[in-house]
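Descriptive structure summary
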Amino acid sequence: MTGAPRYLTIFVGVYLVFLYAPVLLLPLFAFNDSAVIAFPLKGFTFRWFEGLAGESTLLVALKNSLIVGISASVLSTCFGVLAARAAARYDFLGKKPIMSFLMLPLVLPEIIVGVSLLIVLVQLGIELNVWTVILGHVLICMPFSIAILLSAFNNMDKFLEEASLDLGATRRETFFRVILPLVMPGLISSLLIGFTLSLDEFIIAFFLTGTEPTLPVYIWSQLRFPSKLPGVMALGFIMLVLSLILLTLGEYYRKKSAALVGSGSSEIRNG
Amino acid sequence: MVELNTVKKSFGDVLAVNGVDAVIREGEFFSLLGPSGCGKTTLLRLIAGFEHPDEGSIVIAGRDMDQVEPNHRPTNMVFQSYAIFPHLNVEENVAYGLKKQNLSREDQRVRVNEMLRLVDLEGYNTRPAHALSGGQRQRVALARALIMKPKVLLLDEPLSALDKKLREQMQVELRNLQRTVGITFILVTHDQEEALTMSDRIAVMFNGKIAQLATPQVLYKRPLDKRIASFIGIMNFMEGTLKSVTEKGIEIDAGPLGTMTISPDQMPIPLQPGDVSIGIRPEMLTILFSSSDKAEIEITGTVTDTAYYGDMTYYEIAVEGLEREVSVSMRNTAGRRVLDIGETTRLGLGRESLLLLS
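About the cut-offs
Residues numbered from 1 in each chain as written. Chains lettered and ligands numbered in written order. Predicted model: local features only at pLDDT ≥ 70, side-chain atom pairs only at ≥ 80, totals over all residues. Helix = DSSP H or I, 4+ residues; strand = E, 2+ residues; numbered from the N terminus. Buried ≥ 20, exposed ≤ 12 C-beta atoms within 10 Å, placed from the backbone. pLDDT = per-residue confidence, 0-100. Pairing = 2+ DSSP bridges. Axes fitted to C-alpha atoms, helices over the stretch in contact; angles between N-to-C directions. Contact = placed C-beta atoms within 7 Å. Expected span 1.5 Å × (residues − 1). Domains from an automatic or database assignment. Nonpolar A, V, L, I, M, F, W, Y, C, P; charged D, E, K, R; others polar.

Things to note about the overall build of chain A
The helix and strand tally for chain A stands at 11 helices and zero strands. Its C-alpha atoms give chain A principal-axis dimensions of about 70 × 65 × 35 Å. Across the 271 residues of chain A, 35% fall into the buried class.

Some words on the confidence of the model for chain B
Summarising the model, chain B shows a mean pLDDT of 90, and 100% of its residues fall at 70 or more. Across the interfaces of the predicted complex, the ipTM metric reaches 0.81, alongside a pTM of 0.79.

A look at the sheet that holds strand β8 (residues 184-189) of chain B
What holds strands together in a sheet is hydrogen bonding between their backbones, with the strands either parallel or antiparallel. All names here are of chain B. With mixed pairing, six strands are arranged side by side in an open sheet as β6-β7-β8-β3-β9-β10. Since the sheet does not close on itself, it has two edges, and those belong to β6 (75-78) and β10 (209-214), each with one partner. Neighbouring strand axes in the sheet, compared pairwise and without regard to direction, differ in orientation by 20 degrees on average. Strand direction decides the pairing type here: strand β3 (residues 29-33) and β8, joined by five bridges, are parallel. Bridged to L32 within β8 is V188.

Observations concerning the pairing of strand β19 (residues 344-349) of chain B
All names here are of chain B. Both strand β15 (residues 286-288) and β19 contribute to a ladder of three bridges, which runs antiparallel. Bridge pairing in β19 places T286 opposite G348. In this structure, strand β16 (residues 297-308) lies alongside β19, joined through six bridges in antiparallel fashion. Along β19, the bridge assignment pairs T302 with T344.

Some details on unusual backbone geometry
Residues and elements named next belong to chain B. Positive phi is not limited to glycine here, since T6 has a value of about 45 degrees. Within the fold, T6 resides in strand β1 (residues 2-11). Of the residues examined, T6 has 12 C-beta atoms within 10 Å and is grouped as exposed. One non-glycine residue, N102, lies in positive phi territory at about 50 degrees. Positionally, N102 belongs in the loop between α2 (90-94) and α3 (105-118).

Notes on the environment of A143 of chain B
Residues and elements named next belong to chain B. Take A143: it is sitting in helix α4 (residues 134-146). When the 25 C-beta atoms within 10 Å are taken as the criterion, A143 is described as buried. In this structure, the C-alpha to C-alpha distance between A143 and L132, residues 11 residues apart in sequence, is 14 Å. Beyond its immediate stretch of four places on either side in the chain, A143 contacts V94, M115, L116, L118, V119 and L121.

With respect to helix α5 (residues 110-124) of chain A
Compared with an ideal rise of 1.5 Å per residue, which puts 15 residues at 21 Å, α5 of chain A spans 21 Å between its outermost C-alpha atoms and is within 8% of the ideal. Just downstream of α5 of chain A, G125 of chain A is the residue with a positive phi angle, here 75 degrees.

Quick word on the domain arrangement of chain B
All names here are of chain B. Domain annotation for chain B reports domain 1 (2-228) and domain 2 (234-357). Put simply, the middle of domain 1 and the middle of domain 2, counted by C-alpha atoms, are 38 Å apart. Taken together, the contact pairs four residues of domain 1 with five residues of domain 2. Grouping the constituent residues of the side of domain 1 that touches domain 2 by class yields one nonpolar, no polar and three charged.

If you want it as structure tokens, here you go:
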């Protein structure tokens, strides 16, 4: 193994420890048989996880998070399909500014987005509930959906659509028999990543949640009670694992999408 | 079978097809030949219905195609990229267009297998699209189009992605396939050799217009202008003078070749007496190796360059009195030697090999 100088290797090691060591504390205390979050560790226990099942407010928050996550990811994927398809296939006036505008939430501070949305909603006299959270989450999920779906649509050979039309299929049939199957992995990836983003998002949810908290908002509210801390650790651990699984799946489908549409005709081998 | 009536199509400021008139006959292997950007692919896409003409009309099998979408036209296309559906296997690709016809599973299978046999892909039914080679993709694209029993098969540079050997093999196979199925083929190509070997008739296109529509032989022997003559094969040009046109023939002064009378059909477009260009194909010039070899017209020149191709040798020869060197191709028959650069040799030709162009 040649290559990187020694100090770079050390830098990477320190960087990774700094980034992920705190996360490792989560499982450590989630399974620790003590109500106090401190070393030394006591025994191994599942009781914090068992305790979670009895928290009725937690279950309500979980339900809210699922509603918000599923709705936001489905909506942002639907809008993402429309935007990505339009951007990949057609040239229209103001295409570049419109696309940049749609990607803007990626770089806007969430607290600004949250406060602005809150002001607008309050001014309009709209009551805060899960739907206002969904609204905010669609906004921040959209750039991810568009980025994933745009590459799926862009990589697709446009002659595939023409070939389908040429073989007698209508535009509608072409969409369902050619376009949809080819962008399906991208679609799934967009849904999974959107859901994960929404599930973990705190700031916007905190501003727009009203009386129906999502999981992160619930966790934040529990932090005030020291006795609940181990339970929060357990819940955090579950969310961490879930997010990792979803993101890995999402990434798997994103790569599959690129491979599938890429294998159509761009690389032609002789033989 | 296909009638093109003053078809025009422009994209923005670019006039891609500028008034094309042609009639393509039933059962014909027809080629659209031209350099890239000449409008040949646009013309094909107009026939397929992917583009709509700004002016003029396209009639296929007696029916005006105005307002007829590609999925309702009696044409099918083989795309340059083949456009094989990557999520389907060979059989699903070939059967794609049959879905609409509500065939039984068994009937569909029979027709797919029949097609795969025709294109020499028997037993490849379940092979996924990504596991196919370039040549196999091309065969799948052919089978997928032919299974629709089109009246006209459109081929957009179908061989350009293949290597030379495979391309030559596919040229023969395509030609045979066309004879077997008897369907009208319209081929777009920029490869003049491909067009010559495969077509019944060729339309040579430049700048959105058909410059000449003729059989391969006429196109090669009697090109209408210098541009066509240089695009189809190689042509040597020299300056000459047209002296008079009489009933006996055309009297010309061909510079170092001397004055002579040639036949009227050696002037494809009537010209006025005055300066003209005289064209000679490289294979019409013969190197007279032995002093006993004789020819109707003889000139002397010096070899300036040679290219040995195995079966043929190509020479560049400087001839006294001619501005440009002439290209000469000689078949390497038994016992015939290859001249060295700098050697002086006699060249012979017959006057019937001359062509008069403006």
